[in-house]
Amino acid sequence: MPEDVNPFESLQTQLDEAAAALDITEGELERLKHPERVLETTLSVEDDDGSLATFKAFRSQFNGDRGPYKGGIRYHPNVSRDEVKALSGWMAYKCALVDIPYGGGKGGIVIDPHEYSENELEAITRAYAAELRPLVGPDRDIPAPDVNTGQREMNWIKDTYELLEDTTAPGVVTGKAIAVGGSEGRVEATGRSVMLTAREAFDYFDIEMDGATVAVQGYGNAGAIAARLLEDRGANIVSVSDSSGAIYDPNGLDAEAVRDHKMETGSVTDYPSTEDLSDEELLTLDVDLLIPAALENAIDEDVAGDLAADLVIEAANGPLTPAADDVLEERDVYVLPDILANAGGVTVSYFEWVQNRQRFSWSEERVNDELETVIEDAFAALIDTFEERDLPSLRTAAYVIAIQRVLDADEKNGRFP
């Protein structure tokens, strides 16, 4: 099993490594390694049976120098203070890398949502929204979906905020249903940016997309959509997994049919004519591309030592530990970092926010075209920085760009001399 690594410490290690290539003081770096504030609260909600249940919840805001805080809300038993701090930091530097005007935010509730009814989840979400009320707003902090949340939860948060504030504010959250101000293209955005990053990386490393073998760890929204979009471009999806297990077919899986099977049965396992694998067996398959699309710390140094993929593209946030990064760097296995590969979600959230402010909706074609331009430009800047500065990894190059953009904003805002 992968080691238990503190994700906030992983973020700080990544920033330290990038800072070595920058002209930055120790004080400036320390400021850029910590959130500005973290809400920790206890929600009290009445269950369907009338009993009182309590839930720990968080919201972290990380560097708002480039704009309002932005980031998702996850419902998961492993949510913790350090996790949301790390995720909000990754979001701040992700936004800087793709050059959209946001800081970083992330929130979560310590809960297994599968154990609660829809009525209970609505009550929990609305209680959380009430706690968030002083912190959020279209110009302050804009939540979005994350693990185990989606349009439904964003609709509840938006409605609660509007009721409490006696206003109409569609831009208070993104990832909403289109009927209440959501954007075309938002549901597919994260998976689409993974595909676009893969396309650019395959071109740079001279790998042929047609027939390329792909393994996807984590078959939720991002993983399943990335698999389908890569399959549409000729890639061969040979293995996928979810929390219940992994399946493998060397001849290739039908990405959409596997997703339909998961929707019907709750799992990718028992899909016809496939071989069962463990999660570690999937991660160490000999494939052209490995996409970790589950949770943090999926690949530690032991797994990295056995990893046989030619290229890794991170659809999840923080799926590699710093020690795994070091191993893959020594083995010349290139990793396209999360803050580029999964930036489609926040980028199209930005487009949704812009549409809400303009009260004007874009077509799906325009959304996808604008997203493609953002990822292409960010990838080009990443490669230029990687080559011109002779940096040790693509991740370090990504953070060099992102940190410098935050520093530039700090300077213009008068934070640093």
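Remember, it's a predicted structure, so these values are computed and weren't measured experimentally.

A.B. asks: So what exactly am I meant to see when it comes to the overall build of the protein chain here?
C.D. replies: Scanning the protein chain for helices and strands turns up 15 helices and twelve strands. For the protein chain, restricting intrachain contacts to residue pairs at least 6 apart in sequence, the fraction spanning at least 24 positions comes to 68%. Per element, the accessible surface of the protein chain, about 16600 Å² overall, is 42% carbon and sulfur. The positive charge centre, built from 34 side chains, and the negative charge centre, built from 84, are 10 Å apart in the protein chain.

A.B. asks: Can you walk me through the packing of aromatic side chains in this structure?
C.D. replies: The geometry of an aromatic ring pair is captured by two quantities: the separation of the ring centres and the angle between the planes. Applying the stated rule across the entire model yields twelve aromatic pairs. Aromatic side chains Phe351 and Trp362 sit 5.2 Å apart centroid to centroid with 40° between the ring planes, which places their arrangement in the tilted category. Placement of the pair is Phe351 in helix H13 (residues 344-358) and Trp362 in the loop between H13 and helix H14 (364-388), with a sequence separation of eleven residues. In terms of burial, Phe351 and Trp362 fall into one category: buried.

A.B. asks: Teacher, can you tell me more about helix H8 (residues 255-265) here?
C.D. replies: Spacing of three or four residues puts side chains on the same side of an α-helix, whose turn is 3.6 residues. Among all positions in H8, only Ala255, Val258 and His261 are buried. Along the axis of H8, the buried positions cluster into a sector of 120°, meaning they face one direction only. Those residues of H8 that are exposed and angled more than 90 degrees off the buried face are Met263 and Glu264. Between the side-chain oxygen at the start of H8 and the backbone nitrogen of Glu256 there is a gap of 3.2 Å, and the oxygen is on Asp254.

A.B. asks: Even after reading the chapter, I still don't get the sheet that holds strand S6 (residues 213-217), so can you show me in this structure?
C.D. replies: Pairing between sheet strands relies on hydrogen bonds along the backbone, with the strands arranged either parallel or antiparallel. With mixed pairing, the seven strands of this open sheet are ordered in space as S9-S8-S7-S6-S10-S11-S12. Single-partner strands in this sheet number two, and they are strand S9 (275-277) and strand S12 (334-336). Strand-to-strand twist across the sheet, computed as the mean angle between neighbouring axes with direction ignored, equals 20°.

A.B. asks: Before we go on, may I ask you to explain unusual backbone geometry in this structure?
C.D. replies: What is expected of a backbone is that most residues other than glycine have negative phi and most peptide bonds are trans. A positive phi angle is found at Ser273, which is not glycine, with a value near 60°. Among the structural elements, Ser273 can be located in the loop between H8 and S9. Its relative accessible area of 71% is what places Ser273 among the exposed residues.

A.B. asks: Quick question: what am I supposed to make of the nonpolar core here?
C.D. replies: Core analysis: the largest hydrophobic core is formed by 88 residues, its most contacted members being Tyr93, Leu230 and Ile403. Discounting chain neighbours no more than four positions away, the residues touching Ile403 are Leu15, Ala18, Leu22, Ile24, Leu32 and Tyr93. Counting residues in each nonpolar core, the second largest holds 23 residues, with Val45, Trp156, Val172 and Val173 among its members.

A.B. asks: Would you take a moment to explain the environment of Glu388 for this structure?
C.D. replies: Its location among the elements puts Glu388 in helix H14. A C-alpha to C-alpha distance of 28 Å links Glu388 and Ala308, two positions 80 residues apart in sequence.

A.B. asks: How should I be thinking about the sheet that holds strand S3 (residues 69-76) in this particular structure?
C.D. replies: Taken in spatial order, the five strands line up as S1-S2-S4-S3-S5 in an open sheet, and their pairing is mixed. The outermost strands of the open sheet, each flanked by one partner alone, are strand S1 (37-46) and strand S5 (141-145). Neighbouring strand axes in the sheet, compared pairwise and without regard to direction, differ in orientation by 20° on average. With six bridges joining them, strand S2 (residues 52-62) and strand S4 (residues 103-110) adopt antiparallel strand pairing. When the sheet's bridge partners are listed, Phe58 is paired in S4 with Gly108.

A.B. asks: Honestly, the layout of surface pockets in this entry has me stumped. Any pointers?
C.D. replies: Regions of empty space are outlined by a rolling probe, equal in size to a water molecule, passed over the atoms. Put simply, the second largest pocket is a space of about 250 Å³. Listing elements by their share of the lining of the second largest pocket, those giving two or more residues are helix H11 (322-330), S12 and helix H15 (394-412). At five residues, H11 tops the list of elements feeding residues into the lining of the second largest pocket. Residue classes in the lining of the second largest pocket are distributed as eight nonpolar, two polar and six charged.

A.B. asks: Help me out: how do you make sense of the pairing of S2 in this one?
C.D. replies: The side chains of a regular strand alternate between the sheet's two faces. Summarising burial for S2: eight of the eleven residues are buried, a large majority. Looking at chain direction, S1 and S2 are connected through ten bridges and run antiparallel. By the bridge assignment, Leu39 is partnered in S2 with Arg59. Turn length for the S1-S2 hairpin, with the two strands adjacent in sequence and antiparallel, is five residues, and the turn residue Gly50 shows positive phi of about 95°.

A.B. asks: Sorry if this is basic, but what is going on with the pattern of salt bridges here?
C.D. replies: Inspection of the entire model under this criterion finds 32 salt bridges. Asp65 is paired through a salt bridge with Arg31; the nearest N and O atoms lie 3.0 Å apart. In this pair, Asp65 sits in the loop between S2 and S3 while Arg31 sits in helix H2 (residues 26-32), placing the two residues 34 residues apart along the sequence. We classify Arg31 as partly exposed; its relative accessible area is 26%. Note that Arg152 is salt-bridged to Glu153, the shortest N-O span being 2.8 Å. Owing to a relative accessible area of 33%, Arg152 belongs among the partly exposed residues under this scheme. For Glu153, a relative accessible area of 4% gives the class buried. Linked through salt bridges whose partners overlap, the residues forming this network are Arg74, Glu83, Lys106, Asp146 and Glu296.

Rules and cut-offs
Residues numbered from 1 in each chain as written. Predicted model: local features only at pLDDT ≥ 70, side-chain atom pairs only at ≥ 80, totals over all residues. Heavy atoms only, no water. Helix = DSSP H or I, 4+ residues; strand = E, 2+ residues; numbered from the N terminus. Contact = heavy atoms within 4.5 Å. Areas by Shrake-Rupley, 256 points an atom, 1.4 Å probe, with all protein chains shown as cover. Lys, Arg positive; Asp, Glu negative; His and termini not counted. Charge placed at Lys NZ, Arg CZ, Asp CG, Glu CD. Phe/Tyr/Trp six-rings, centres within 6.5 Å; stacked < 30°, edge-to-face > 60°. Buried < 20%, exposed > 50% of the residue type's maximum accessible area, 1.4 Å probe, protein only. Arc of directions from axis to C-beta. Polar contact = N/O pair within 3.5 Å; in protein donor to acceptor, adjacent residues only side chain to side chain. Pairing = 2+ DSSP bridges. Axes fitted to C-alpha atoms, helices over the stretch in contact; angles between N-to-C directions. Core = buried A, V, L, I, M, F, W, Y, C linked by side-chain atoms within 4.5 Å. 1 Å grid on protein atoms, 1.4 Å probe; cavity = no way out; pocket = protein on both sides within 12 Å on 5 of 7 lines; lining within 4 Å. Points joined across faces, edges and corners; volume = space filled by probe spheres on them. Nonpolar A, V, L, I, M, F, W, Y, C, P; charged D, E, K, R; others polar. Salt bridge = Lys/Arg side-chain N within 4 Å of Asp/Glu carboxyl O.

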